[in-house]
Amino acid sequence: MKSNIILVAILALFLNYGCSSEPEPLTVPQSIKGLIVDSPPTKLPDFKFIDHNGKVFGNAQLKNNWSLVFFGYTNCPDVCPTSLSIMDKISKQPGLPDNMQYIFASVDPKRDTPEKLKGFVEYFNAKFIGVTGTKAEIDKFQEPLGVIYDYDGDTNSDDYVVNHFAAIYIIDPKGRERAYVLPPHSEKQMNEAFKLVYNYYK
Amino acid sequence: MRFLFIIVFCFYSSLIFADSGLQLIDPWVRQSPPNAKNLAGYGELKNTSALKIKIAAIESAFFEKIEMHVTTFENGMMKMSEVKNLALSPKESVYFEPGGRHFMLIKPKSIIKPGIIVPIQIRLSSGEVKRFDMQVRR
Ligand SMILES: [Cu+2]
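Predicted, not measured: the structure shown is a model, and the values here were computed from it.

Undergrad: If you had to explain the overall build of chain A to someone new, which residues and values would you point to?
TA: Of regular secondary structure, chain A possesses seven helices and ten strands. If one aligns the C-alpha atoms of chain A with their principal axes, the spans along those axes are about 80 × 35 × 30 Å. Treating the 21 positive side-chain charges of chain A as one cloud and the 24 negative ones as another, the clouds have centres 8 Å apart.

So, in structure tokens, the structure goes:
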């Protein structure tokens, strides 16, 4: 009888330990608009993109880094430049981890070649990483992360517009989605959102 | 004689181009990344008159085409659509700003970078043409 109690106690200790790796969900103050925290974090699909230097970019490149990821397309005149210049301003803020990376993922691989991506991301920040992949690889993000997009206009021409989900994702060093921030974005909002999430879950 | 002609001409043209009271306050263009096919311009479009103003078309020698667009977010999905038949009520302001309405500047004919002034002409339904200079900023 006594040994049973001890066994249960030990078991409870183990279970508790196992669960405690995921802390209580972070409470987001109302003042930070658009921040949605995933608790538990969302696993990313196994994916294989190519970066702006032509190198493979996949789950391994997300490991051990905190990443801000934005899906868009380089011909986007209004929202993508706005969100990327906000990401650039965030990157210059104090109090960020050393292992931060900033990723622009194109959902328009037909036009956004690695060379095109290179010119685009480096215009905003020399450290930014531009990535893209085949439609099949991009579409893997639809279900878990809600990355939806559609092409508006003649995709055989050069003039079509891409409507797309325009959140900024916060990916943790285990390569999981920790949170995302809905547009429209501002520097203050993104800065507060990232620091809140990072300081809580680091 | 020539002097008189100029005076008459000025008087005449001021009648034709009676100022509608349309203003574009703080007009600016976001400098584009290299090889961008579309740029966005912003500013406060203001009707300072007591009459309704309708925008018929916008042109610039620096771009192939200019449209008015609006970006909307539906549950985080970014959509861009053309704004047609924009009309401003008396004293109304319509704001063009990042993540909202913008002048969609399509296919630049030259490099658009800070320091350059981009002239645009706004043609009103009355036939009047208003000219504004947009600043290029990063
Ligand atoms: Cu547009």
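Undergrad: I'd like a description of the coordination of the copper ion, backed by residues and values.
TA: Residues and elements named next belong to chain B. Here the copper ion is held by the protein donor atoms His-69 (ND1), Met-80 (SD), His-102 (NE2) and Met-104 (SD), which lie 2.2 to 2.5 Å from it. For the copper ion, the four donor atoms in the first shell make angles of 94 to 122° at the metal, so the coordination geometry reads as tetrahedral. If you list the donors of the copper ion from N- to C-terminus, the spacing comes out as H-x10-M-x21-H-x1-M. Taken together, the residues Met-80 in strand 5 (residues 77-82) and Met-104 in strand 8 (residues 101-108) connect sequence positions 24 residues apart. In this pair, the class of Met-80 matches that of Met-104, namely buried.

Undergrad: Go over the interface of chain B and chain A with me, naming the residues and quoting the values.
TA: Interfaces are often described in size by the accessible area the parts lose on coming together. Between chain B and chain A, the residue contacts involve 27 residues of the former and 29 residues of the latter. For the pairing of chain B and chain A, the buried interface totals around 2100 Å² over both sides, and the portion due to carbon and sulfur atoms is 59%. When the area that chain B buries against chain A is broken down by residue, the three leading residues are B:Lys37, B:Met77 and B:Met78, summing to 27%. Inspection of the region where chain B meets chain A yields two salt bridges. For the interface between chain B and chain A, the tally reads 13 residue pairs in polar contact (both at pLDDT 80 or more).

Undergrad: Please provide a residue-by-residue account of the layout of surface pockets, values included.
TA: What the largest pocket holds in volume is close to 300 Å³. Taken together, 19 residues make up the lining of the largest pocket; nearest its centre are A:Asp159, A:Val161, B:Lys65, B:Glu67 and B:Ile106. When residues of the lining of the largest pocket are traced back to their parent elements, those giving at least two are strand 4 (63-74), strand 5 and strand 8 of chain B. Element by element, the count of residues in the lining of the largest pocket is highest for strand 4 of chain B, at four residues. Considered class by class, the residues forming the lining of the largest pocket number five nonpolar, four polar and ten charged.

Undergrad: Give a description of the state of the cysteines that names residues and reports values.
TA: Residues and elements named next belong to chain A. Taken as a whole, this structure holds one disulfide over all chains when the rule is applied. There is a disulfide in this structure between Cys-76 and Cys-80, and the S-S distance comes to 2.4 Å. In this structure, the disulfide formed by Cys-76 and Cys-80 twists by about 90° around the S-S bond and is classed as right-handed. The same class applies to Cys-76 as to Cys-80, namely buried.

Undergrad: Give me unusual backbone geometry: which residues, what numbers.
TA: With omega at 0°, the peptide bond leading from A:Ser39 into A:Pro40 counts as cis. Counting through the fold element by element, A:Pro40 comes out in strand 1 (residues 35-43). Between A:Pro183 and A:Pro184 the backbone carries a cis peptide bond, its omega angle lying at -5°. Along the chain, the position of A:Pro184 falls in the loop between strand 10 (176-181) and helix 7 (187-201). One non-glycine residue with positive phi stands out, namely B:Lys91, at about 70°.

Undergrad: An account of the sheet that holds strand 1 of chain A is requested, with residue identities and associated values reported.
TA: Residue and element names in this part refer to chain A. The mixed open sheet is built from eight strands, whose spatial order is 1-10-9-4-5-6-2-3. Strands with a single pairing partner mark the edges of an open sheet, and in this sheet they are strand 1 and strand 3 (56-58). Shown here is a sheet whose adjacent strand axes are inclined to one another by a mean of 30°, direction ignored. Across five bridges, the pairing between strand 1 and strand 10 is antiparallel. The residue of strand 10 that forms the bridge with Ile-36 is Tyr-180.

Rules used throughout
Residues numbered from 1 in each chain as written. Chains lettered and ligands numbered in written order. Predicted model: local features only at pLDDT ≥ 70, side-chain atom pairs only at ≥ 80, totals over all residues. Heavy atoms only, no water. Helix = DSSP H or I, 4+ residues; strand = E, 2+ residues; numbered from the N terminus. Lys, Arg positive; Asp, Glu negative; His and termini not counted. Charge placed at Lys NZ, Arg CZ, Asp CG, Glu CD. Donors = N, O, S within 2.8 Å, 3.2 Å for Na, K, Ca; no water. Tetrahedral: all angles 85-135°; square planar, octahedral: opposite > 155°, others 65-115°. Buried < 20%, exposed > 50% of the residue type's maximum accessible area, 1.4 Å probe, protein only. Contact = heavy atoms within 4.5 Å. Buried area = accessible area lost by both parts, 1.4 Å probe. Salt bridge = Lys/Arg side-chain N within 4 Å of Asp/Glu carboxyl O. Polar contact = N/O pair within 3.5 Å; in protein donor to acceptor, adjacent residues only side chain to side chain. 1 Å grid on protein atoms, 1.4 Å probe; cavity = no way out; pocket = protein on both sides within 12 Å on 5 of 7 lines; lining within 4 Å. Points joined across faces, edges and corners; volume = space filled by probe spheres on them. Nonpolar A, V, L, I, M, F, W, Y, C, P; charged D, E, K, R; others polar. Disulfide = S-S within 2.5 Å. Pairing = 2+ DSSP bridges. Axes fitted to C-alpha atoms, helices over the stretch in contact; angles between N-to-C directions.

Coordinates in, geometry out; function isn't part of it.
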